[in-house]
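A structural walkthrough
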Amino acid sequence: SAVISQKPSRDICQRGTSLTIQCQVDSQVTMMFWYRQQPGQSLTLIATANQGSEATYESGFVIDKFPISRPNLTFSTLTVSNMSPEDSSIYLCSSHPVTLPDTQYFGPGTRLTVL
Amino acid sequence: GENVEQHPSTLSVQEGDSAVIKCTYSDSASNYFPWYKQELGKRPQLIIDIRSNVGEKKDQRIAVTLNKTAKHFSLHITETQPEDSAVYFCAASIDDYKLSFGAGTTVTVRA
């Protein structure tokens, strides 16, 4: 399986500010994904982060609100911009073993609370 | 896009009994179906998966079945134990590897 770490593990932020979440994978992978899990809910895909190209966003998510970087094959960041209390969620990144592109493993998540 | 429905939303079973969770999907092009277990405050953990060229897969006490014609797949947990208590999510993806998740099933195993 892929070993995935995220920073920070949790944060409490004021509305109107931005937070950047980091995701590190222990091997070079093609795809990294960012998901949101609102309290008591399922996981929703925000975007796919591909190295060397723009991230691909799902319906309902836009680059201005959730800019993503993918500077190399082991690292990605997600920024939650101009936060409001509705952005309070767990944000998870995921990736896959090199030889199994459809098998996703998740990072530990970042629990974000916006006041 | 893909729509995955999951039932039931909650499931309470006696220790030692079996638990079954069912999911249906809408996109006939879906070809990969993982199941995740999420304990409180933890990350989703992949517990078993099945690809569309297989009808059934088993790993110790858990098994998954797939019916492509009916577009549904199920998770079976036998001889349930208290540590099986968690939220279980089914998911589906096509060749773009994006996962669409079901709403989740909260399983409680009563001792």
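In short, a report on the structure. Predicted, not measured: the structure shown is a model, and the values here were computed from it. (Residues numbered from 1 in each chain as written. Chains lettered and ligands numbered in written order. Predicted model: local features only at pLDDT ≥ 70, side-chain atom pairs only at ≥ 80, totals over all residues. Heavy atoms only, no water.)

Here's the deal with the sheet that holds strand β8 (residues 75-80) of chain A
Residue and element names in this part refer to chain A. How we decide: Should DSSP find at least two bridges between two strands, the strands are taken to pair. Numbering of helices and strands starts at the N terminus; helices are DSSP runs of H or I of at least 4 residues and strands are runs of E of at least 2. Angles run from 0 to 180 degrees between N-to-C directions of axes, and those axes are lines fitted to C-alpha atoms, restricted for helices to the stretch in contact.
Strand order in the open sheet made by the 4 strands is β1-β3-β8-β7, with antiparallel pairing throughout. Only two strands of the sheet have a single partner each, and these edge strands are β1 (4-7) and β7 (68-72). On average, adjacent strands in this sheet sit at an angle of 20° to one another, irrespective of strand direction. The pairing of strand β3 (residues 19-25) with β8 spans 6 bridges and is antiparallel. Looking at β8, one finds that L19 is bridged to V80.

Quick look at the pattern of salt bridges
Test applied: Salt bridge, as used here, is a side-chain nitrogen of Lys or Arg placed within 4 Å of a carboxyl oxygen of Asp or Glu. For every residue, the accessible area (1.4 Å probe, protein chains only) is compared with the maximum for its type, and the residue is labelled buried under 20%, exposed over 50%, or partly exposed between those bounds.
Tallied over the full model, the rule gives 5 salt bridges over all chains. Here D102 of chain A makes a salt bridge to R51 of chain B, at a shortest N to O gap of 2.6 Å. Taken together, the positions of D102 of chain A in the loop between β9 (89-95) and β10 (105-106) and R51 of chain B in strand β5 (residues 45-51) put the pair across two chains. Under the relative-accessibility criterion, R51 of chain B is labelled partly exposed at 27%. Here D49 of chain B makes a salt bridge to K57 of chain B, at a shortest N to O gap of 2.8 Å.

Points about the interface of chain B and chain A
Put simply, the test is: Residue contacts are counted whenever heavy atoms from the two residues lie within 4.5 Å of one another. Buried area: the accessible area, evaluated with a 1.4 Å probe, that two parts lose upon being put together, summed over both parts. Here a polar contact is taken to be a pair of N or O atoms separated by no more than 3.5 Å, where protein atoms must pair a possible hydrogen donor with a possible acceptor and residues adjacent in sequence count only if both atoms sit in side chains. Amino acid classes used here: Ala, Val, Leu, Ile, Met, Phe, Trp, Tyr, Cys and Pro are nonpolar; Asp, Glu, Lys and Arg are charged; the rest, including Gly, are polar.
Across the boundary between the two partners, chain B contributes 17 residues, which contact 23 residues of chain A. Together, the buried faces of chain B and chain A total about 1,600 Å²; carbon and sulfur atoms form 56% of this surface. Summed over the shared surface of chain B and chain A, the number is 2 salt bridges. Between chain B and chain A we count 10 residue pairs in polar contact (both at pLDDT 80 or more) in total. Elements supplying a minimum of two residues to the side of chain B that touches chain A: β4 (32-38) and β5 of chain B. Grouping the constituent residues of the side of chain B that touches chain A by class yields 9 nonpolar, 3 polar and 5 charged.

Considerations on the environment of Q28 of chain A
All names here are of chain A. The residue Q28 is located in the loop between β3 and β4 (31-37) in this model. Here the alpha-carbon distance between Q28 and P97, two residues 69 residues apart in the chain, equals 8.9 Å. When sequence neighbours within four positions are dropped, the list of residues in contact with Q28 reads L73, T74 and V98.

Section: the state of the cysteines
All names here are of chain B. This is how the line gets drawn: Only a pair of cysteine sulfur atoms within 2.5 Å qualifies as a disulfide here.
Applying the stated criterion across every chain yields a total of 2 disulfides over all chains. Two residues, C23 and C90, share a disulfide whose sulfurs are 1.9 Å apart. In this structure, the disulfide formed by C23 and C90 twists by about -100° around the S-S bond and is classed as left-handed. Placement of C23 in strand β3 (residues 19-25) and of C90 in strand β9 (residues 86-92) is noted, with a sequence separation of 67 residues between them.

Focus: the side chain of Q38 of chain B
Structurally, the position occupied by Q38 of chain B is in strand β4. Residue Q38 of chain B is classed as buried on the basis of its relative accessible area, which comes to 11%. Side-chain polar atoms of Q38 of chain B contact the side chain of Q37 of chain A, separated by 2.8 Å. Look past the residues within four positions of Q38 of chain B in its chain and what remains in contact with it is Q37 of chain A together with R43, P44, A86, V87 and F89 of chain B.

Notes on the packing of aromatic side chains
Note the threshold: Side-chain rings of Phe, Tyr and Trp (the six-membered ring for Trp) are treated as a pair once their centres are within 6.5 Å; stacked means planes under 30 degrees apart, edge-to-face means over 60, and tilted covers the remaining angles.
Enumeration according to the criterion identifies 12 aromatic pairs over all chains in this entry. Measuring from centroid to centroid gives 5.6 Å for F61 of chain A and F66 of chain A, while their planes differ by 65°, and the two rings are edge-to-face. Exposure class is identical for F61 of chain A and F66 of chain A. Each is buried. Taken together through their ring pairs, the aromatic side chains of Y35 and F106 of chain A together with Y36, F89 and F101 of chain B make up a single cluster.

Nothing here speaks to function; it is geometry throughout.
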